[in-house]
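# Overview (structure and organization)
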Amino acid sequence: GGPRPLPGQEVSVKVLGALEDGGLVERDPRLIFVPGHGDVVQALELGVPTMQPGEVSFFLAAFPYAYGRPGSREPDVPPEAPLLFEVTLLEVRDGPDPQPLPPAVRLRLGSQRRERGNFHFARGDFAAALRSYRLSLRALDGPTAAPPGPEEEEELREQRVKCLNNCAAAELKLGRAEEALAACEAALRISPDNGRALLRRGQVGLASPRAIPLPSAPPSSYPALLSPQLLAQQGRDAEAALVLRRALELDPASKVIHTELSRLAKRQSPPSGA
């Protein structure tokens, strides 16, 4: 009984997931998520909002709605495996994002969503990864119920930088150079000497040639930012070289930075016989 979950509300469910042969691969007595945030498989994303508190449902999920073509190592799901889920909707409540929360809860939410983004990224679903990384940033930047202590403030800062770097990587995989540079510059505003952000900002030609063109992200994706194109792709090779050299000062042993500087030098060299 009770109303079904509304968009943005958080749900608690009891979940059992089994393979066709009856082997149990997933058991969670209290899984908490917000439908639509990409934190769980699509079968649960789509099915749970149709339920009422106290209801028990069975969802037979073809593999695209479970763990996809590659399957999963944790839980141990074979490739292209359909799953049967038994789901009990325990509770529906307002989502955590708009509410003032203790800094420790913000950190936990941010970390969970970033890890989910890493899961999507490893499987090649870069759009889903980007959505999770942005939700992680929203959790980290949300209102706090009390001022964070020095250690919590530092951890919030570090998690924001990690998340922005991950956003940049996902944007590049999607062929969105402007947004990738915007994410790098947001990370550098927080941590000017962050080696990963410096490296990615100056890298040449990282966007995948098979990238799927998508509409440009709204200007509010990365707050208070301009969105110029990646320096090297825009022909700003001298600026790219300065950024890469700064990254090299911070990490002299990085083979990736040496490789990028070498590629940049070849671009700038006149052709033989010219």
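What you see is a predicted model, and the numbers here were worked out from it, not measured in a lab. One numbering rule holds for all chains: residues counted from 1, following each sequence as written. With the structure being a predicted model, the display of local features is reserved for residues of pLDDT at least 70 and the display and counting of side-chain atom pairs for 80 or more, all residues being used for whole-chain, interface and lining totals. In computing side-chain properties, one takes all heavy atoms of the structure into account and sets aside hydrogens as well as water.

## Examining the state of the cysteines
Count a disulfide wherever a pair of cysteine sulfur atoms falls within 2.5 Å. Scanning all chains against the criterion turns up zero disulfides. The structure places no disulfide on Cys163, whose sulfur is separated from the nearest cysteine sulfur, that of Cys167, by 5.2 Å.

## Section: the nonpolar core
Burial of nonpolar side chains together is a common tendency in soluble globular proteins. The nonpolar core is taken to be a set of buried Ala, Val, Leu, Ile, Met, Phe, Trp, Tyr and Cys residues, with the residues joined through side-chain atoms within 4.5 Å. Think of it in three bands: with a 1.4 Å probe and only protein chains considered, a residue is buried below 20% of the maximum accessible area for its type, exposed above 50%, and partly exposed in between. With 23 residues, the main nonpolar core has Val13, Phe33, Leu44, Val48, Leu83, Phe85 and Val87 as its most contacted residues. Here a strand is any run of E in DSSP of at least two residues, a helix any run of H or I of at least four, and the numbering for each starts at the N terminus. The leading source of residues in this core is strand 4 (residues 83-93), at four residues. Here a residue-residue contact requires only that any non-hydrogen atoms of the pair lie within 4.5 Å. Apart from the residues within four sequence positions on either side, Val48 is in contact with Pro5, Val11, Val13, Phe33, Phe59, Val87 and Leu89.

## Topic: the packing of helix 2 (residues 103-122) against helix 3 (residues 126-141)
Between helix 2 and helix 3, the shortest axis-to-axis distance is 8 Å and the interhelical angle comes to 170 degrees. Judged by the angle between their axes, helix 2 and helix 3 are roughly antiparallel. Residues Arg106, Leu107, Leu109, Gly110, Arg113, Arg114, Arg116, Gly117, Asn118, His120 and Phe121 of helix 2 lie in contact with helix 3, whose contacting residues are Phe126, Ala128, Ala129, Ser132, Tyr133, Leu135, Ser136, Arg138, Ala139 and Leu140. Note that Gly is not counted as nonpolar here; it falls among the polar residues with everything else outside the nonpolar set of Ala, Val, Leu, Ile, Met, Phe, Trp, Tyr, Cys and Pro and the charged set of Asp, Glu, Lys and Arg. When the residues that make up the contact of helix 2 with helix 3 are grouped by side-chain class, the tally is ten nonpolar, six polar and five charged. An axis is simply a line fitted to the C-alpha atoms; with a helix, the fit covers only the stretch in contact. Between two such axes, the angle follows the N-to-C directions and lies from 0 to 180 degrees. The labels follow the angle: roughly parallel below 35 degrees, roughly antiparallel above 145, roughly perpendicular from 65 to 115, and oblique for the rest.

## What to know about the pairing of strand 3 (residues 56-61)
Residues Ser57, Phe59 and Ala61 point to one face of strand 3 and are all buried, whereas Val56, Phe58 and Leu60, pointing to the other face, are not buried. Looking at chain direction, strand 3 and strand 4 are connected through six bridges and run antiparallel. Note that in strand 4 the partner of Ala61 across the bridge is Leu83. Here the rule is simple: two strands pair whenever DSSP picks up at least two bridges between them.

## Overview of the sheet that holds strand 1 (residues 10-18)
The sheet built from four strands is open, its strands ordered 2-1-4-3 with antiparallel pairing. Two strands in the sheet have a free side with no partner beyond their single neighbour: strand 2 (24-33) and strand 3. Across this sheet, the average inter-strand angle for adjacent strands is 20 degrees, counted without regard to direction. As paired strands, strand 1 and strand 2 are joined by seven bridges and run antiparallel to one another.

## Digging into the environment of Leu174
On the secondary structure map, Leu174 appears in the loop between helix 4 (150-173) and helix 5 (177-190). The exposure class of Leu174 is buried, given its relative accessible area of 8%. Between the alpha carbons of Leu174 and Leu130 there is a distance of 9.5 Å; along the sequence they are 44 residues apart.

## Description of the side chain of Arg176
Mapped onto the elements of the fold, Arg176 is located in the loop between helix 4 and helix 5. Overall, the relative accessible area of 10% leaves Arg176 in the buried class. Pairing of N or O atoms within 3.5 Å defines a polar contact, subject to two protein rules: one partner must be a possible hydrogen donor and the other a possible acceptor, and residues neighboring in sequence count only if both atoms are side-chain atoms. A polar atom in the side chain of Arg176 sits 2.7 Å from the side chain of Glu171.

## With respect to the side chain of Arg106
Tracing the backbone shows Arg106 in helix 2. Relative accessible area serves as the criterion here: at 0%, Arg106 is assigned to the buried category. In this view, Arg106 contacts Pro96, Asp97, Gln99, Pro100, Leu101, Arg138, Ala139, Leu140, Gly142, Pro143 and Thr144; residues no more than four positions away in its chain are not counted.

## Here we look at the pattern of salt bridges
Salt bridges, as used here, are contacts in which a Lys or Arg side-chain nitrogen is within 4 Å of a carboxyl oxygen on Asp or Glu. Across all of its chains, the model carries eight salt bridges by this definition. Measuring nitrogen to oxygen at the nearest pair gives 2.5 Å for the salt bridge that ties Asp141 to Arg160. On the criterion of sequence distance, the pair formed by Asp141 in helix 3 and Arg160 in helix 4 is long-range, its members being 19 residues apart. By relative accessible area, Asp141 is classed as partly exposed at 47%.

## Here's the deal with the packing of aromatic side chains
Two aromatic rings, drawn from Phe, Tyr or Trp (for Trp, its six-membered ring), form a pair once their centres lie within 6.5 Å of each other, and the interplanar angle then sorts them: stacked below 30 degrees, edge-to-face above 60, tilted otherwise. Counted according to the given criterion, the structure contains one aromatic pair. For the ring pair Phe121 and Phe126, a centre distance of 5.0 Å and an interplane angle of 70 degrees mean the geometry is edge-to-face. Assessed through its relative accessible area of 24%, Phe121 is described here as partly exposed.

## A short note on helix 4
Helical geometry: 3.6 residues make up each α-helical turn, so side chains three or four residues apart lie on a common side. For a helix, the expected span equals 1.5 Å multiplied by the residue count minus one. Here helix 4 is 24 residues long and its end C-alpha atoms lie 35 Å apart, about the 34 Å a rise of 1.5 Å per residue gives. Downstream of helix 4 by a residue or two, Gly175 has a phi angle that is positive, lying close to 75 degrees.

## Structural notes on unusual backbone geometry
A cis amide bond links Glu74 to the next residue, Pro75, at an omega of 5 degrees. The topology assignment puts Pro75 in the loop between strand 3 and strand 4. The residue Glu80 is not glycine, and still its phi comes out positive at about 55 degrees. Residue position: Glu80 is located in the loop between strand 3 and strand 4.

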